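# Overview (structure and organization)
Single-letter residue listing:
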Amino acid sequence: MKLRKLLHSRGRTSDETDEAIQEAFLRLQRYRQDRHVQEPEAFLVRTVINVVADDIRRRSRWRPVSLAEVEALPLAQTGSAPDDVVLGQQRLRGLRAGLDQLSPRTREIFLLHRVEGYSHAQIAARMGVTVSAVEKQVAKAVLFLAEWMDRI
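Just so it is clear, the model here is predicted, and its values are computed rather than measured.

### Some details on the overall build of the chain
Of the regular secondary structure elements, the chain holds eight helices and zero strands. The order of helices and strands in the chain, counted from the N terminus, is α-α-α-α-α-α-α-α. Buried positions account for 29% of the 152 residues belonging to the chain. Partitioning the contacts of the chain with sequence separation of at least 6, the portion at a separation of at least 24 is 60%. For the chain, the exposed area adds up to about 10000 Å²; of that, 53% sits on carbon and sulfur atoms.

Structure below.
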């Protein structure tokens with residue numbers, strides 16, 4: 001596939017390539033909900049390059065965190081407006097409710113990947129499934145949670 005070759009030529013690992021391609025397809029799907037894409041292949045190439053750039057920026061300041069650390073975070077900075085505090089609490093409750101709507105397997109895979117920082121290959125080995133199955137479950141969870149949070 002052209003996208004895979006493009007990313008490998010830019011020094012991406014197989015896991016990074018898989019994740020970037022998955023994210024690009026998700027973005028294409030979301031974009032197509034409201035608009036027509038005349039050149040899906042060109043859209044995917046540009047998007048996958050953007051995803052990699054975003055990932056490089058995020059990695060420079062990102063580290064895996066545990067769910068306990070996330071729950072311990074203050075929802076607002078000292079001096080935040082009460083409305084902002086309430087809004088933050090509502091969004092956190094909404095996210096928790098959305099996570100509860102996922103099947104236990106999808107939720108576990110999503111949390112292992114996005115919260116614990118495991119790669120698709122590590123999750124697949126741990127759960128005895130294929131990397132493709134993990135990719136599909138992560139994509140399913142991301143898409144569901146994005147739509148869920150838009151609704152609330």
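On we go from here.
### Focus: the pattern of salt bridges
Opposite charge on two side chains makes pairing possible when the charged atoms of those side chains draw close. Within this structure, the stated rule accounts for three salt bridges. A salt bridge links Lys-2 to Glu-41, with the nearest nitrogen and oxygen atoms 3.0 Å apart. Here Glu-41 lies in helix 3 (residues 40–59) and Lys-2 lies in helix 1 (residues 2–9), a separation of 39 residues in the sequence. When its relative accessible area of 47% is taken as the criterion, Glu-41 is described as partly exposed. Close ionic contact of Arg-27 with Glu-23 constitutes a salt bridge, the shortest N to O distance being 3.1 Å. Taken together, the residues span about one helical turn, with Arg-27 and Glu-23 both in helix 2 (residues 14–32) at a distance of four residues. Taking relative accessible area as the criterion, Glu-23 reaches 16% and is therefore assigned buried.

### Some details on the nonpolar core
Residues Phe-110 and Val-134 are the most contacted members of the largest nonpolar core, which totals 15 residues. The biggest single contributor to this core is helix 8 (residues 131–151), with seven residues. Judged by nonpolar contacts, the second largest core, of twelve residues, contains Leu-3, Leu-7, Ala-20 and Leu-44.

### So, the packing of helix 7 (residues 120–127) against helix 8
Direction vectors running N to C along helix 7 and helix 8 enclose 110°, while the axes themselves pass 8 Å from each other. For the element pair helix 7 / helix 8, the angle class is roughly perpendicular. Both helix 7 and helix 8 take part in a crossing whose hand is right-handed. In this structure, helix 7 contributes His-120, Ala-121, Ile-123 and Ala-124 to the contact, and helix 8 contributes Val-131, Val-134, Glu-135 and Val-138. Looking at the contact of helix 7 with helix 8 residue by residue, the classes come out as six nonpolar, one polar and one charged.

### Comments concerning the packing of aromatic side chains
Each aromatic ring pair is described using two quantities: the centre-to-centre distance and the angle formed by the ring planes. Applying the stated criterion across every chain yields a total of two aromatic pairs. Between Tyr-31 and Phe-43 the ring centres are 5.0 Å apart and the planes differ by 40°, which places this aromatic pair in the tilted class. Of the two residues, Tyr-31 sits in helix 2 while Phe-43 sits in helix 3, which places them twelve residues apart along the sequence.

### Description of the packing of helix 6 (residues 104–114) against helix 8
Between helix 6 and helix 8, the least distance of the axes is 9 Å, while the angle of their chain directions is 90°. The angle between helix 6 and helix 8 falls in the class roughly perpendicular. Where helix 6 abuts helix 8, its residues Thr-106, Ile-109, Phe-110, His-113 and Arg-114 lie against Val-134, Gln-137, Val-138, Lys-140, Ala-141, Val-142 and Leu-145. By residue class, the composition of the contact of helix 6 with helix 8 is seven nonpolar, three polar and two charged.

### Side note on the environment of Gln-90
For Gln-90, the position within the fold is in helix 5 (residues 82–101). Considered as a pair, Gln-90 and Ile-152 are 62 residues apart in the sequence and their alpha carbons are 9.0 Å apart.

Definitions and limits used
- Residues numbered from 1 in each chain as written.
- Predicted model: local features only at pLDDT ≥ 70, side-chain atom pairs only at ≥ 80, totals over all residues.
- Heavy atoms only, no water.
- Helix = DSSP H or I, 4+ residues; strand = E, 2+ residues; numbered from the N terminus.
- Buried < 20%, exposed > 50% of the residue type's maximum accessible area, 1.4 Å probe, protein only.
- Contact = heavy atoms within 4.5 Å.
- Areas by Shrake-Rupley, 256 points an atom, 1.4 Å probe, with all protein chains shown as cover.
- Salt bridge = Lys/Arg side-chain N within 4 Å of Asp/Glu carboxyl O.
- Core = buried A, V, L, I, M, F, W, Y, C linked by side-chain atoms within 4.5 Å.
- Axes fitted to C-alpha atoms, helices over the stretch in contact; angles between N-to-C directions.
- Parallel < 35°, antiparallel > 145°, perpendicular 65-115°, else oblique.
- Left-handed = near helix turned anticlockwise from the far one by under 90°.
- Nonpolar A, V, L, I, M, F, W, Y, C, P; charged D, E, K, R; others polar.
- Phe/Tyr/Trp six-rings, centres within 6.5 Å; stacked < 30°, edge-to-face > 60°.

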